[in-house]
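A look at the structure
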Amino acid sequence: MPESEVEDTILHEMIHYYILSNQMQDTSPHGVIFTKMMNDINARFNRNINVKYKSTEEDFDRDTEIREHYICVMRLRDNRNVILISAKTRLFQLWDQVSRAPDVAEWKWYGSLDPFFNRFPRALTIKFYPITDEELKEHFKDALPLVRVGNKIMVK
């Protein structure tokens, strides 16, 4: 990362710290107070503090931490393949919602430890991410099929 980007990231976090340590009540994590402070610092000191960071493919490839992933692989009615990575706390809800989604033709749930899936956010609501046939073949070779039996989800 360029030095200026590191500095802007630290300044971004310092704004959060300032708001927290002064017990200020903002409208959201990047709400009115945060945005005003960020814009003031950017204008006054010619900085580029922002609230979004666009991860690169290299960023994703460097994230090799082993994590549990609960993945729904779906084929949509238009034949596209998509996946959803469920937050553990929403697994049962999303399991039910996928089965009722009108655009979904087929679906299967899997468990995986593959770091490839770290790049996807953990869904709290239905959100589809396209995936190629090649990615499916490569990253699901060690995935374990999951089944739901009553209020338990287990490896098939």
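Please refer to the structure placed before this passage.
Our subject in this report is the structure included herewith. (Residues numbered from 1 in each chain as written. Predicted model: local features only at pLDDT ≥ 70, side-chain atom pairs only at ≥ 80, totals over all residues. Heavy atoms only, no water.)

**Topic: the packing of aromatic side chains**
- Applying the stated rule across the entire model yields 7 aromatic pairs.
- Judged by centre distance (5.3 Å) and plane angle (65°), the ring pair of Tyr 110 and Phe 140 falls under edge-to-face. Note that Tyr 110 is positioned in strand S3 (residues 104–112) and Phe 140 in the loop between helix H5 (133–139) and strand S5 (144–149), a separation of 30 residues in sequence. Across this residue pair, the class does not change: Tyr 110 and Phe 140 are buried.
- Between Phe 117 and Phe 140 the ring centres are 5.2 Å apart and the planes differ by 65°, which places this aromatic pair in the edge-to-face class. Of this pair, Phe 117 sits in the loop between S3 and strand S4 (129–130) while Phe 140 sits in the loop between H5 and S5; the two residues are 23 residues apart in sequence, bridging distant segments of the chain. (Phe/Tyr/Trp six-rings, centres within 6.5 Å; stacked < 30°, edge-to-face > 60°. Helix = DSSP H or I, 4+ residues; strand = E, 2+ residues; numbered from the N terminus. Buried < 20%, exposed > 50% of the residue type's maximum accessible area, 1.4 Å probe, protein only.)

**Some thoughts on the sheet that holds strand S6 (residues 152–155)**
- The 6 strands are arranged S4-S2-S1-S3-S5-S6 in an open sheet whose pairing can be described as antiparallel. Two strands in the sheet have a free side with no partner beyond their single neighbour: S4 and S6.
- Direction of pairing for S5 relative to S6: antiparallel, over a ladder of 4 bridges. Bridging across to S6, Val 147 finds its partner in Met 154. (Pairing = 2+ DSSP bridges.)

**Side note on unusual backbone geometry**
- Non-glycine residue Gln 23 carries a positive phi angle of around 50°.
- The class of Gln 23 is exposed, set by a relative accessible area of 68%.
- With a phi close to 55°, Asn 46 is a non-glycine residue in the positive phi region.
- Judged by relative accessible area, Asn 46 falls into the exposed class, the value being 70%.

**Side note on the environment of Met 1**
- By the secondary structure assignment, Met 1 is in the segment before helix H1 (3–21).
- Assessed through its relative accessible area of 63%, Met 1 is described here as exposed.
- Measuring from C-alpha to C-alpha, the distance between Met 1 and Val 147 comes to 43 Å, with 146 residues separating the pair along the chain.

**Section: helix H4 (residues 91–100)**
- Residues of H4 that are buried: Leu 91, Leu 94, Trp 95 and Val 98. For H4, the angular spread of the buried residues around the axis is 105°, confining them to a single face. (Arc of directions from axis to C-beta.)

**Description of the pairing of strand S1 (residues 69–76)**
- Among the 8 residues of S1, 7 are classified as buried, and the element is accordingly described as predominantly covered.
- Pairing geometry for S1 and S3, over 8 bridges, is antiparallel. Each residue of the ladder has a partner; that of Ile 71, found in S3, is Tyr 110.
- In this sheet, strand S2 (residues 81–86) lies alongside S1 in antiparallel orientation, the contact comprising 6 bridges. Residue pairing across strands places Ile 71 opposite Ile 85, the latter belonging to S2.
- The antiparallel pairing of S1 with S2 creates a hairpin that spans 4 residues between the two strands, and Asn 79 there sits at a positive phi of about 75°.

Read these as geometric descriptors, not functional statements.
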